[in-house]
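Spelled out, the chains give:
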Amino acid sequence: MTRTRESFDVAVIGGGSAGLAAAVTAARSGARTLLIERHGYLGGMGTASLVHSFCGLYLLRDEPDAVLANPGFASEIAERMIAATGIGPVRMGRLDVLPQHPVEFVRIADELVAAETSLELRLHTEVSAVSRNGDAWEIGLCGRSGVRPVTAINLIDGSGDAVVAGMLGGGSSMAAAPKLQRPAYVFGIHSNSSMADDSRLHTAGLIVEGVRGGLLPADALGITFRASGRVGEIFASIDLAGGETVSDFDPLDPACLTALELRGRRIATGVIRWLSSRSESWRGAYISQWPGRAGIRESRRWIGEYILTGTDLLAGKRFDDEIALATWPMEFREDAKGPKLRYPEDGRPAGIPLRCLKPAGIDHLFVSGRCISTDHDAQASIRVMGTCFATGEAAGRAAVG
Amino acid sequence: MEVSKKTTSPTPTELIDWLNDEGVLELDWDFPEDGNLAEAGLDSMAVMQLVVAVEDRWGVELGPEDLTKANLATPITLAALIVARTS
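Given the structure is predicted, the values throughout are model-derived calculations rather than measurements. (Residues numbered from 1 in each chain as written. Chains lettered and ligands numbered in written order. Predicted model: local features only at pLDDT ≥ 70, side-chain atom pairs only at ≥ 80, totals over all residues.)

Quick word on the overall build of chain B
The helix and strand inventory of chain B stands at 3 helices and 0 strands. Along chain B, helices (α) and strands (β) appear in the sequence α-α-α when read from the amino end. The C-alpha radius of gyration computed for chain B amounts to 12 Å, which stays within 12% of the reference 12 Å derived for 87 residues, consistent with globular compactness. The dimensions of chain B, computed from C-alpha atoms along their principal axes, are 40 × 30 × 20 Å. Across chain B, every contact between residues at least 6 apart in sequence was considered, and the portion connecting residues at least 24 apart equals 60%. (Helix = DSSP H or I, 4+ residues; strand = E, 2+ residues; numbered from the N terminus. Rg over C-alpha atoms; globule rule 2.2 N^0.38 Å. Contact = placed C-beta atoms within 7 Å.)

Side note on the interface of chain A and chain B
Contact residues are listed per partner, giving 18 residues for chain A and 17 residues for chain B. Here the side of chain A that touches chain B gets 12 residues from one element, more than from any other, and that element is helix α5 (residues 197-212) of chain A. When its residues are assigned to classes, the side of chain A that touches chain B shows 6 nonpolar, 7 polar and 5 charged. (Nonpolar A, V, L, I, M, F, W, Y, C, P; charged D, E, K, R; others polar.)

Quick look at unusual backbone geometry
All names here are of chain A. For Leu50, which is not glycine, the phi torsion reads 60° and is therefore positive. For Leu50, the position within the fold is in the loop between β2 (33-36) and β3 (53-54). Its 26 C-beta neighbours within 10 Å are what place Leu50 among the buried residues. Its identity is not glycine, yet Asp248 carries a phi of approximately 60°, on the positive side. Examined against the element boundaries, Asp248 turns out to sit in the loop between β13 (233-239) and α6 (254-278). (Buried ≥ 20, exposed ≤ 12 C-beta atoms within 10 Å, placed from the backbone.)

Some words on the sheet that holds strand β5 (residues 95-99) of chain A
Residue and element names in this part refer to chain A. Pairing within the open sheet is antiparallel, and its 3 strands lie in the order β3-β5-β4. In this open sheet, the two edge strands, each paired with only one partner strand, are β3 and β4 (90-92). Both β4 and β5 contribute to a ladder of 3 bridges, which runs antiparallel. Its bridge partner lying in β5, Met92 is registered against Leu95. (Pairing = 2+ DSSP bridges.)

Some details on the domain arrangement of chain A
Residues and elements named next belong to chain A. Its domain assignment divides chain A into domain 1 (6-175 + 299-400) and domain 2 (182-289). Each of domain 1 and domain 2 was reduced to a C-alpha centroid, and the two centroids are 27 Å apart. Between domain 1 and domain 2, the residue contacts involve 16 residues of the former and 15 residues of the latter. For the side of domain 1 that touches domain 2, the residue count by class is 5 nonpolar, 6 polar and 5 charged. (Domains from an automatic or database assignment.)

So, the sheet that holds strand β12 (residues 224-227) of chain A
All names here are of chain A. Across the sheet, 4 strands lie side by side as β12-β13-β11-β14; this open sheet has antiparallel pairing. In this open sheet, the two strands that pair with only one neighbour each are β12 and β14 (286-289). This sheet shows a mean twist of 40° between the axes of neighbouring strands, independent of strand direction. Across 3 bridges, strand β11 (residues 184-190) lies against β14 in antiparallel orientation. Looking at β14, one finds that Gly188 is bridged to Gln289. Across the sheet, α6 lies against β11, β13 and β14, angled at about 140° from β14, the strand it touches most. (Axes fitted to C-alpha atoms, helices over the stretch in contact; angles between N-to-C directions.)

Let's talk about α6 of chain A
All names here are of chain A. Compared with an ideal rise of 1.5 Å per residue, which puts 25 residues at 36 Å, α6 spans 36 Å between its outermost C-alpha atoms and is within 8% of the ideal. The set of residues buried in α6 consists of Leu260, Gly264, Ile267, Ala268, Val271, Trp274 and Leu275. Structurally, α6 contributes buried residues whose contacts are with β11, α5, β13 and β14. (Expected span 1.5 Å × (residues − 1).)

Some remarks on the nonpolar core
Counting residues in hydrophobic clusters, the biggest one holds 138 residues, and the most contacted among them are Ala11, Val12, Ala152 and Ile207 of chain A together with Val47 of chain B. Looking at this core, you find at least three residues from each of domain 1 (6-175 + 299-400) and domain 2 (182-289) of chain A. Apart from residues no more than four positions distant in its own chain, Val12 of chain A is found in contact with Gly19, Ala22, Ala23, Thr33, Leu34, Leu35, Ile36, Ile156 and Gly158 of chain A. (Core = buried A, V, L, I, M, F, W, Y, C linked by C-beta atoms within 7 Å.)

Regarding the packing of helix α2 (residues 73-85) of chain A against helix α9 (residues 385-400) of chain A
Residues and elements named next belong to chain A. At a minimum axis distance of 8 Å, the contact between α2 and α9 shows a crossing angle of 135°. What the angle tells us is that α2 and α9 run oblique. In this structure, α2 uses Phe73, Ala74 and Ile77 to contact α9, whose residues at the interface are Gly386, Phe389, Ala390, Gly392 and Glu393. (Parallel < 35°, antiparallel > 145°, perpendicular 65-115°, else oblique.)

Digging into helix α1 (residues 17-28) of chain A
All names here are of chain A. In a regular helix each residue adds 1.5 Å, so 12 residues correspond to 16 Å; α1 covers 17 Å between its end C-alpha atoms and thus fits that length. Taken across its 12 residues, α1 has 11 buried, putting it largely inside the fold. Every buried residue of α1 is accounted for by Ser17, Ala18, Gly19, Leu20, Ala21, Ala22, Ala23, Val24, Thr25, Ala26 and Ala27. Gly30 sits one or two positions beyond α1 and adopts a positive phi of about 100°.

Describing the environment of Ile153 of chain A
All names here are of chain A. Of note, Ile153 is situated in strand β9 (residues 146-157). With 145 residues separating them in the primary sequence, Ile153 and Phe8 have C-alpha atoms 6.7 Å apart. For Ile153, the residues in contact, after removing those within four places along its chain, are Asp9, Asp135, Ala136 and His364.

Considerations on the pairing of β13 of chain A
Residues in a regular strand project their side chains so that they alternate between the two faces of the sheet. All names here are of chain A. Direction of pairing for β11 relative to β13: antiparallel, over a ladder of 7 bridges. Each bridged residue has a counterpart across the sheet, and for Ala184 the counterpart in β13 is Asp239. Examined bridge by bridge, β12 and β13 share 4 bridges and lie antiparallel to one another. Each residue of the ladder has a partner; that of Arg226, found in β13, is Phe235. From the end of β12 to the start of β13, which pair antiparallel, there are 5 residues, and Gly229 there has a positive phi angle of about 100°.

Observations regarding the environment of Glu331 of chain A
All names here are of chain A. Position of Glu331 relative to the elements: it lies in strand β17 (residues 330-332). Overall, Glu331 belongs to the partly exposed group, with 18 C-beta atoms counted inside 10 Å. Residues Glu331 and Gly213, spaced 118 residues apart in sequence, show a C-alpha to C-alpha distance of 31 Å. The contacts of Glu331, once residues within four sequence positions are left out, are Pro339, Leu341 and Ala380.

Put into structure tokens, the structure is as follows:
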């Protein structure tokens, strides 16, 4: 018996912040759209990796009050998240960020998808192969039942890792390992410990004491804690050592990723054991949630019709074909000294041209999210979820255009 | 050659330069001695870096009890803390 091969107008690889935006946008125009996601839920970094802030949603400004930078999907998500958590944007130093809850993000994504009748969601699915055959892409969908081919006229790579470039055998670039941004490891804690300034500082002192005494690894020094907004729930974030110290660091390699997951859990376990034994306010604290995966900030990027650079961002460069604004400063996390922020001159946002979403020389292919065409420096700005919503929406629109 | 770490304790101005040089904070060249360090980015994460760097530079081990908002408020209070723990 031969089965008719499923065919779509648009296929989106990866259901993170960018892929979700791309797929929902394409489907809203009526295009028959397939969204392919490897986890059992959508949201990517914001859910599987527990990254609990939407950065890049707001303009950089000295005046109080956060102002949304990109209309459309990014603003819609912000509105839905605020309605879900009851928490609005928070000023952190010079920046406005929106605290988000991964559990709510999963539900919001489900509802957005369910509302689109022409959107087909395929969870628990990896892409095993991609090739262009005549006027359509042939895509191998890989699940536990085996590989099943589908076709789509237009393809959007929202994988974060430029997986389509890997399968087509070129057209991408990746920073040398020592420069790649360090991965984030975020986990959930149940604790009634206070998050007031003085107790945070006290906790920081305890961590240093633990490292000094050889009881905690040096990676623990960068740990930060933030109340989730739910009673007794705290998110902790650590930057894991990356290519600056780990030889052969390659965030595309499962062996490397395995080591990251194990290291993240070991550090987290050590920190919580240490704090709960050493401090009254942390007594009884326990780890309540592991991330599904460590948060990779940077890996392979597409080379597109234009390569957005750090120089463009510093100058607040604008483009005739821009599809979104990049408002987050370049946030470098290349070494153990903590984040280094580079702000644009006068705080002006830069445009992201549509050409950054079009891999050079390949028709009917678009890219969204953190693997769009930029250099290493610009990627340090555009990788954040607030911007990924906007590039995802633009890719979805371009694919049906 | 042994380099003594316990050189003279910092003045608030020296501390501002040193914080910049160490990359603990990025302070403007005219950051005031009584400027607000928390607002300049001295959060709990930067504090961990600070404590390690202070130990390297002045041989002073700041403990959890030293790390209060009051002690870390400004270059003046931070320099005073380091001076107090050096002597």
